[in-house]
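Listed below, chain by chain, are the residues.
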Amino acid sequence: MGELILKNINIRYGGEPVVRDFNLEVRNGEMVSLLGPSGAGKTTVLKAVAGLIRPERGEILIDGYSVQDLPPEKRDAVMVFQKPLLFPFMNVMQNVGFGLRMRGEPVREARQRIQEILALTQLGGLEYRKVHELSGGQQQRVSLARALVLKPAILLLDEPLSNLDANLRQQMRELIQEIQAQTRITTLFVTHDQAEALMISHRVSLLLNGRLRQVGKPRELFYRPADPEVARFFGARNFIQGRVKDGWFQSEFGTFQVPQGFTANGDWLTATIRPEDLRVSPDSQFEIQGEIQKINFEGSATRIWVRCRTTEFVVLTSEADFFPGQNVRIHLPPDKIRIFPPDSKEFEKIEEI
Amino acid sequence: MTVKSENSGVDARTRPVPGGWVLVRLMGPALTIVAVLFGGGLTLGLLQSLGHLPAAGAGVLTVKHFVAILGDPDFLHSLLLTLYIAATSTVVAAGISVVMALILIGLAPRNRVVHFIFQIPLTVPHLVIAAAVAFMLSPTGLCSRVVLKLGLISSSADFPLLINDRWGIGIMLAYVWKEIPFITLMILAVLRHTGMELLEVGQTLKAGRWQRLRYIILPTIFPSLAAASLIVFAYTFGAFEVPFLLGQTYPMMLPVWAYKNYSDVDLLARPEGIATGMLIALVVAIAIVLAQGLSQAARRRGIVL
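Residues numbered from 1 in each chain as written. Chains lettered and ligands numbered in written order. Predicted model: local features only at pLDDT ≥ 70, side-chain atom pairs only at ≥ 80, totals over all residues. Heavy atoms only, no water.

Chemist: Where do I start with the side chain of A:Asn10 in this structure?
Modeler: All names here are of chain A. For Asn10, the location among the structural elements is in strand β1 (residues 4–13). Overall, the relative accessible area of 5% leaves Asn10 in the buried class. Of the polar contacts made by the side chain of Asn10, one reaches the backbone oxygen of Asn8; its length is 3.1 Å. When neighbours within four sequence positions are excluded, Asn10 is seen to be in contact with Val19, Arg20, Asp21, Pro55, Glu56 and Arg57. (Helix = DSSP H or I, 4+ residues; strand = E, 2+ residues; numbered from the N terminus. Buried < 20%, exposed > 50% of the residue type's maximum accessible area, 1.4 Å probe, protein only. Polar contact = N/O pair within 3.5 Å; in protein donor to acceptor, adjacent residues only side chain to side chain. Contact = heavy atoms within 4.5 Å.)

Chemist: Please explain the packing of helix α10 (residues 254–262) of chain B against helix α11 (residues 270–300) of chain B as it appears in this structure.
Modeler: Between two packed helices, what matters for the description is the angle formed by their axes and the separation of those axes. Residue and element names in this part refer to chain B. Put simply, α10 and α11 touch, their axes get as near as 7 Å, and they point 155° apart. The orientation of α10 with respect to α11, classified from their angle, is roughly antiparallel. Note that α10 runs across α11; the crossing there is left-handed. Residues Leu254, Pro255, Trp257, Ala258, Asn261 and Tyr262 of α10 lie in contact with α11, whose contacting residues are Arg270, Glu272, Gly273, Ile274, Thr276, Gly277 and Ile280. Class assignment for the residues of the contact of α10 with α11 results in 7 nonpolar, 4 polar and 2 charged. (Axes fitted to C-alpha atoms, helices over the stretch in contact; angles between N-to-C directions. Parallel < 35°, antiparallel > 145°, perpendicular 65-115°, else oblique. Left-handed = near helix turned anticlockwise from the far one by under 90°. Nonpolar A, V, L, I, M, F, W, Y, C, P; charged D, E, K, R; others polar.)

Chemist: What exactly am I supposed to notice about a nonpolar patch on the surface here?
Modeler: Residue and element names in this part refer to chain B. Among the surface-exposed residues, Phe135, Met136, Leu142, Val146, Leu150 and Leu152 lie close enough to one another that they form a single nonpolar patch of about 610 Å² accessible area. If you trace the backbone, Met136 turns up in helix α5 (residues 126–137). Taking relative accessible area as the criterion, Met136 reaches 35% and is therefore assigned partly exposed. (Patch = residues over 30% accessible without salt bridge, like charges linked within 9 Å, V, L, I, M, F, W, Y side chains within 5 Å. Areas by Shrake-Rupley, 256 points an atom, 1.4 Å probe, with all protein chains shown as cover. Salt bridge = Lys/Arg side-chain N within 4 Å of Asp/Glu carboxyl O.)

Chemist: Explain the sheet that holds strand β17 (residues 302–308) of chain A here, please?
Modeler: In sheet architecture, strand pairing relies on hydrogen bonds along the backbone and comes in two forms, parallel and antiparallel. All names here are of chain A. One open sheet accounts for 5 strands, arranged β15-β19-β16-β17-β18; its pairing is antiparallel. Edge strands, defined here as strands with exactly one partner in the open sheet, are β15 (279–281) and β18 (311–317). On average, adjacent strands in this sheet sit at an angle of 40° to one another, irrespective of strand direction. With 6 bridges connecting them, strand β16 (residues 288–297) and β17 associate as antiparallel partners. Counted as the bridge partner of Asn296 is Arg303 from β17. (Pairing = 2+ DSSP bridges.)

Chemist: What's the story with the pairing of strand β14 (residues 268–273) of chain A in this structure? I'm lost.
Modeler: Consecutive side chains along a regular strand alternate between the two faces of the sheet. Residues and elements named next belong to chain A. Across the 6 residues that make up β14, a large majority, 5, are buried. Alignment of β14 against strand β20 (residues 338–339), held across 2 bridges, turns out to be antiparallel. The partner of Thr272 across the bridge, within β20, is Arg338.

Chemist: I keep staring at helix α1 (residues 42–50) of chain A and nothing clicks. Help me out?
Modeler: One turn of an α-helix holds 3.6 residues; hence residues three or four places apart share an orientation. In terms of burial, α1(A) is a largely internal element, 8 of the 9 residues being buried. In the segment just after α1(A), A:Gly51 is the residue with positive phi, at about 95°.

Chemist: Help me understand the packing of aromatic side chains, please; the structure alone is not making it clear to me.
Modeler: Each aromatic ring pair is summarised here by two numbers: the centre-to-centre distance and the angle between the ring planes. In total, this model carries 12 aromatic pairs over all chains according to the counting rule given. Ring centres of A:Phe87 and A:Phe98 lie 4.5 Å apart, and the angle between their planes is 45°; on these two criteria the pair is classed as tilted. Here A:Phe87, found in the loop between β6 (77–80) and α2 (92–96), pairs with A:Phe98, found in helix α3 (residues 98–102); they are 11 residues apart in sequence, far enough to count as distant. Taken as a pair, A:Phe87 and A:Phe98 share a single burial class, namely buried. Relative to B:Tyr259, the ring of B:Phe244 lies with its centre 6.1 Å away and its plane at 85°, an arrangement referred to as edge-to-face. (Phe/Tyr/Trp six-rings, centres within 6.5 Å; stacked < 30°, edge-to-face > 60°.)

Chemist: What's the story with the pattern of salt bridges in this structure? I'm lost.
Modeler: A side chain of one charge can pair with a side chain of the opposite charge if their charged atoms are brought near each other. Residue and element names in this part refer to chain A. Under the criterion given, the structure shown has 19 salt bridges over all chains. Among the ionic pairs, Asp193 bridges to Arg169, the shortest N-O distance being 3.2 Å. Taken together, the residues Asp193 in the loop between β8 (186–191) and α7 (194–200) and Arg169 in helix α6 (residues 166–183) connect sequence positions 24 residues apart. According to the relative accessible area criterion, Arg169 is buried, its value standing at 13%.

Printed below as a string of structure tokens:
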């Protein structure tokens, strides 16, 4: 059992607000990613849940009980840090069993539990190894095992994969997913890597400049971003402005039907289309004419910057036979256009990022 | 577009270490000065301790001076007193330093005033501290006068003997005062680098306040605490000026005893003084080697000192 509720959390560092009006609910057995760029306040939120930072305002509930006034050691939440931070004067088994020892668990039960966790984290046979003799991936697994052994209600993972190389990262990500699915432990996973967040979690919460901007399933955030800033974070680069008239979004690049529920009429709104959804062709089959400004070959795809009148579109295509200065035509498939609701952030704000 | 050379991205930590000969050439000038001044003096001292004293007509090398001092009860008394004072002042300074480090680490990192005040004794020479202790604690010193003024004693003769005393209290106070900042700063460096992070880990792993002290702080700071304590012990064991000013006339601490013999009008007493100095140097060298060993063992385990 583990349910985490964060209500209206506000945190300051040296007088400066770091996290503002943060609300989040992590349901029992769920894995939620807290995604955001560096300095967004992700680790601060995690530390507040762990009890290492006291919020200025707000309430933190674990399993329905407020833990606001409890010290970290009394909270049913364990944190795994970005660095493994193993105790260098202990071997693997002593590190993993540290929490059990602090809780005064009987030695026999503790040993059995440690063995189970070592097997789960694929560390069997390394019990008596000194921590400086382990690889980076093994050290991070020990760190994870050290937290899991306590069977906490809430597991807090603070970018545990960021110090690992690409291969180890993938392995460790799969291991975390597997363990989470097996143990059903409620997990809050901090990362700045959007791909990682989308892959690993049941739901993703995006934190930008200390504010929670959107919470939802990975596909929702990727395909239905709440506002242009969220869209930009997930790689959207093409924004167009238009005016809503009689249920249609009218822009210089075409007219698109406004989703149901939009009450705006006559308002200027912003729409976006992902680079991979734009179509480009050297032939005249598409309606918008443009000129290629720049090309970046990225292996499986090619990124092309196309200037169409005063707007520059970024297109991601699998075709590689384009060249700078070439005249091309592009097409914006209507079903791929995402028009932001009137109450979303204004377009001008995006440029500040 | 800037072209990066293959070596331009090499991290300083991964840069290859220069080979043996390159190192010798680079460090040669400094090593030569150290070898001539320090090594030469040590060799000359060793020769004199072995009886090579042409000015006094003694040229044959012998260990009889070592045998003589080792059999001398005065030497034994001095050795015991020196060990007692060096060990006690080191243990007291180390204990206070741990408490001080824990207090300082809890203060805001930007509290530079506290850190500055704390570091002042580091810059003051031992001689000045010894003079200050004498000024404060002598029977006619500042403390005695204050206590007399308060009516707690009837005359300055009633003030307890705290300098030139048989228990070496004045010497130990001078050393404790002087060495606390050194040991504290060594511990603080470790606590700041890894200790605070490990403490946070410990907190989330359900360790209470005393458990964190017992199972995290003390093992983390132990290598640097032990290394710093060994260095302090080595210094207090071999230092001359503080016991010379604040010590009693019998038994003397070993460095004073060595000096007394060395400066004796009888030139034939000089080898015994030098032999005492050689034994002091041996103890100091052992302590330094142990401190180095501890530091290296800790570094191998990933503890930054």
